[in-house]
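Topology and contacts: notes
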Amino acid sequence: MLAKYWKRIGMIILIVACVFNVMGKLVSKVSLNKEMLYSAQYMQEKQKDEK
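Residues numbered from 1 in each chain as written. Predicted model: local features only at pLDDT ≥ 70, side-chain atom pairs only at ≥ 80, totals over all residues. Heavy atoms only, no water.

A tally of regular secondary structure across the protein gives one helix and zero strands. Relative to the globule expectation of 10 Å for 51 residues, the C-alpha radius of gyration of the protein, 22 Å, shows a markedly less compact shape. Viewed in the frame of its principal axes, the protein has a C-alpha envelope of about 75 × 10 × 5 Å. With 51 residues in all, the protein has 0% of them scored as buried. Here the protein has roughly 5400 Å² of accessible surface; of this, 67% comes from carbon and sulfur atoms. If you average the places of the 9 positive and of the 4 negative side-chain charges in the protein, the two averages end up 27 Å apart. (Helix = DSSP H or I, 4+ residues; strand = E, 2+ residues; numbered from the N terminus. Rg over C-alpha atoms; globule rule 2.2 N^0.38 Å. Buried < 20%, exposed > 50% of the residue type's maximum accessible area, 1.4 Å probe, protein only. Areas by Shrake-Rupley, 256 points an atom, 1.4 Å probe, with all protein chains shown as cover. Lys, Arg positive; Asp, Glu negative; His and termini not counted. Charge placed at Lys NZ, Arg CZ, Asp CG, Glu CD.)

Put into structure tokens, the structure is as follows:
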């Protein structure tokens, strides 16, 4: 039975792996954007304190 459906099983595994990969990248991208914004705000505050 497994030999009969191996292509479908392989495609399902591939699709699930791709979805997890894309979701992981999106979550990481959002975190990176937040980190960049926080860094920019910190640098602006530090420059204001120096003046």
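A few words on the environment of Ser39. Mapped onto the elements of the fold, Ser39 is located in helix 1 (residues 6–50). Residue Ser39 is classed as partly exposed on the basis of its relative accessible area of 37%. Note: C-alpha distance between Ser39 and Cys18 (21 residues apart in sequence) is 31 Å.

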